Amino acid sequence: MATIDRSTFLRRGAAAAAGLTVAGPLFAFQSRVAAGKPLAGPGYGPLIDRGELALPRGFTYKVVSREGEMMSDGNPTPGIFDGMGSFPGPNNTTILIRNHENRRRSGESAVVVPEEFRYDPDPAYNGGCTKVVVRRSGELVTSFAILGGTTTNCAGGVTPWGTWITSEEAVDGAGVRHGYNFEIDAYAAGPVAAEPIRGAGRLVHEAVGWLAGALYQTEDRGTNACLYRYVPNATPRRAGDLARSTGVLQALAIEGMPNLDTSQGLPVGEPLPVSWVTIDEPEPATDTVRIEAASKGAAAFDRQEGCWVANGRFYFCCTLGGPQNLGQVFEFDPSAGTLTLIYESPGPEALKNPDNLVVTPDGDLLLCEDADEPQFLRLLTTDGRISDFARAIDAPGSEFCGACFDPSGKTLFVNQQGDRASGPGKVLGRTYAITGPWARLR
């Protein structure tokens, strides 16, 4: 398979970043709350039934990949799609690295890689990632399993040097330990060896984002989750550098408010100064990193999930945050050293339990819900208005996940996770390519 050279990737990445120069998303939200103005917005307009999805007028979708379809490596496409990242590929293609959140349960379709590339030789550990290459038209070019032998690969994040970091959302393993992040070279032509990023900690990982010399990490735990950063001693340049690095793992604390519970009573739009506490034991025998963090005053969050980096800021969701447990969205600004709650769901009609998220090329946020049906993709704009962008029709109980844009910003790729159960009526995981008049909102 042809590859794109890394210098081209870095140039394209810099150009894409230059396009995200708007003010931080939701900068007007606080003023709207103070004025008592309605927060619902028109978005791209009412949703219209398109078959598997309901989308605004002018938007269409194509199924790029579906669970069970034969891949280029001769194995069926695994199920339980989850987090995903995109990269510029050769000949105007897009490379997608996609997680499969297998949890060692019956009925799951395993991610199959050669034995020598598996992280854990125990076949029960059947999670991992696939690589999918797509033409601009949405047509599939090739797909294969690229990492295997891991478990509960939930979300992750892209890096500036052309890799996808996939995160294990489970701390277990009697022989081989699990609970790590793993780095995948997006331009690898076949399966890669799974090397854990040990310095980034052994914990219930959800998603990551590289920003200002550190790997920021969310933790999918209820009420007692912490926000972490791993600061390597040397700046990574290529795939594998993080796994072989040394550095320090830290957890976020709010200055003057040790162990602040961020899920209740936090003022929207008010930047809070932060500090960082150092984790002395990043690889404990059991899931105790958050306990050490709390003992040192780290702030507590309610089920952190997806995250994204844009505009020099780190955005993340708390799925159960807020007084109604319907979700919060935070912004961390490393240059200012502040954490700001920028959105808190006022009710299920606005937002229900956001999970994965992505910053759009215009600086808005697209939020993937993980809630009771129906499931929505919600658009949260830079002026603080929220609207529906997509609704699942034939898989209303299956969550949206893995939202990301192609390098041009014209195609949104997003997954439907699919069912964990097997048998008749099983909802299959799938990856959509959604195109339409994105500029119309502006």
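Every chain is numbered on its own, with residues counted from 1 as its sequence reads. Per-residue local features of the predicted model are confined to residues with pLDDT of at least 70, and side-chain atom pairs are confined, for both listing and counting, to 80 or more; whole-chain, interface and lining totals are unaffected and use all residues. Excluded from the side-chain calculation are hydrogens and water; included are all heavy atoms of the structure.

Caption draft 1: Broad picture of the sheet that holds strand β24 (residues 400-405). Pairs of strands are assigned from DSSP output, requiring at least two bridges between the strands. Numbering goes from the N terminus for both helices and strands, where a helix is a DSSP run of H or I of at least four residues and a strand is a run of E of at least two. The sheet built from four strands is open, its strands ordered β3-β26-β25-β24 with antiparallel pairing. With one partner strand each, in any of the chains shown, β3 (60-66) and β24 form the two edges of the open sheet. Here the strands of the sheet are splayed against their neighbours by 25° on average, with no regard to which way each runs. Here strand β25 (residues 411-416) pairs with strand β26 (residues 430-435) via six bridges, running antiparallel. Bridge pairing in β26 links phenylalanine 413 to alanine 433. Each axis is a line fitted through C-alpha atoms, and for a helix only the stretch in contact is used; angles between axes span 0 to 180 degrees, taken between their N-to-C directions.

Caption draft 2: Geometry of the pairing of strand β19 (residues 338-344). When a residue's accessible area, from a 1.4 Å probe over protein chains only, is under 20% of the maximum for its type it is buried; when over 50% it is exposed; and in between it is partly exposed. When you tally the buried positions in β19, you get seven out of seven residues, the bulk of the element. Examined bridge by bridge, strand β15 (residues 272-278) and β19 share two bridges and lie antiparallel to one another. Residue leucine 272 lies in a different strand from β19, and its bridge partner there is leucine 339. Between the end of strand β18 (residues 328-333) and the start of β19, which pair antiparallel, lie four residues, with glycine 337 showing a positive phi angle near 65°.

Caption draft 3: Main features of empty space enclosed by the protein. Cavity and pocket criteria rest on a 1 Å grid covering protein atoms alone: a 1.4 Å probe that fits but cannot get out defines a cavity, protein on both sides within 12 Å along at least 5 of 7 lines defines an open pocket, and an atom within 4 Å of a point defines a lining residue. Grid points are joined across faces, edges and corners, and a volume is the space filled by probe spheres set on the points. Taken as a whole and judged by the stated rule, the model has one cavity of 30 Å³ or more. In this model, the largest cavity occupies a volume close to 80 Å³. Taken together, 14 residues make up the lining of the largest cavity; nearest its centre are Ala155, Cys307, Trp308, Asn356 and Leu357. Contributions of two or more residues to the lining of the largest cavity are made by β4 (81-88), β8 (153-158), β16 (304-310), β20 (354-359) and β24. Among the residues forming the lining of the largest cavity, the class breakdown is eight nonpolar, six polar and no charged. Note on residue categories: nonpolar means Ala, Val, Leu, Ile, Met, Phe, Trp, Tyr, Cys or Pro, charged means Asp, Glu, Lys or Arg, and polar means any other residue, Gly included.

Caption draft 4: Up close: the pattern of salt bridges. Criterion for a salt bridge: a side-chain nitrogen of Lys or Arg within 4 Å of a carboxyl oxygen of Asp or Glu. Taken as a whole and assessed by the stated rule, the structure comprises 22 salt bridges. For arginine 244, the salt bridge identified is with glutamate 195, shortest N-O distance 2.7 Å. A residue pair is termed long-range when its members are at least 10 positions apart, and arginine 244 in the loop between β13 (228-232) and β14 (247-254) and glutamate 195 in the loop between β10 (181-185) and β11 (205-211) qualify at 49 residues. Using a relative accessible area of 58% as the deciding quantity, one classes arginine 244 as exposed. Since its relative accessible area comes to 31%, glutamate 195 is described here as partly exposed. The shortest N-O distance in the salt bridge between glutamate 292 and lysine 296 comes to 3.0 Å. Look at lysine 296 and you get partly exposed, because its relative accessible area is 32%. What emerges from the salt-bridge pattern is a single network uniting Glu101, Arg103, Glu108, Glu169 and Arg420.

Caption draft 5: Spotlight on the sheet that holds strand β5 (residues 94-100). The sheet built from four strands is open, its strands ordered β4-β5-β6-β7 with antiparallel pairing. Each edge of the sheet is formed by a strand with only one pairing partner; in this case those strands are β4 and β7 (140-150). Direction aside, the axes of adjacent strands within the sheet are offset by 20° on average. Examined bridge by bridge, β4 and β5 share six bridges and lie antiparallel to one another. Bridge assignment links serine 86 to a residue of β5, and that residue is leucine 96.

Caption draft 6: Quick look at the confidence of the model for the chain. Confidence of the predictor at the level of single residues is given by pLDDT, which spans 0 to 100. When pLDDT is averaged across the chain, the result is 91; 91% of the residues are at 70 or more. Within the model, pLDDT remains below 50 along residues 1-23, and this stretch shows 41 contacts once partners closer than five positions in the same chain are excluded. Note on contacts: a residue pair qualifies if any of its non-hydrogen atoms lie within 4.5 Å across the two residues. Counting contacts from residues 33-38, a segment whose pLDDT is below 50, to residues more than four positions away or on other chains yields two contacts.

Caption draft 7: Representation of the packing of aromatic side chains within the structure. Working definition: a ring pair exists when centres of Phe, Tyr or Trp rings (six-membered ring for Trp) sit within 6.5 Å. Plane angles under 30 degrees give stacked, over 60 give edge-to-face, the rest tilted. Under the definition given, this model contains 19 aromatic pairs. Ring geometry for tyrosine 61 versus tyrosine 432: centroids 5.3 Å apart, planes at 85°, classification edge-to-face. Placement of tyrosine 61 in strand β3 and of tyrosine 432 in strand β26 is noted, with a sequence separation of 371 residues between them. Taking the relative accessible area as the measure of exposure, tyrosine 61 reaches 22% and is therefore partly exposed.

Caption draft 8: Highlighting the environment of proline 121. Its location among the elements puts proline 121 in the loop between β5 and β6 (127-134). Considered as a pair, proline 121 and valine 176 are 55 residues apart in the sequence and their alpha carbons are 8.5 Å apart.

Caption draft 9: View of the side chain of histidine 205. If you trace the backbone, histidine 205 turns up in strand β11. Note on histidine 205: relative accessible area 0%, which makes it buried. Those residues in contact with histidine 205 that lie beyond four places of it in its chain are Ser167, Glu168, Glu169, Gly179, Tyr180, Asn181, Ala200, Gln217 and Thr218.

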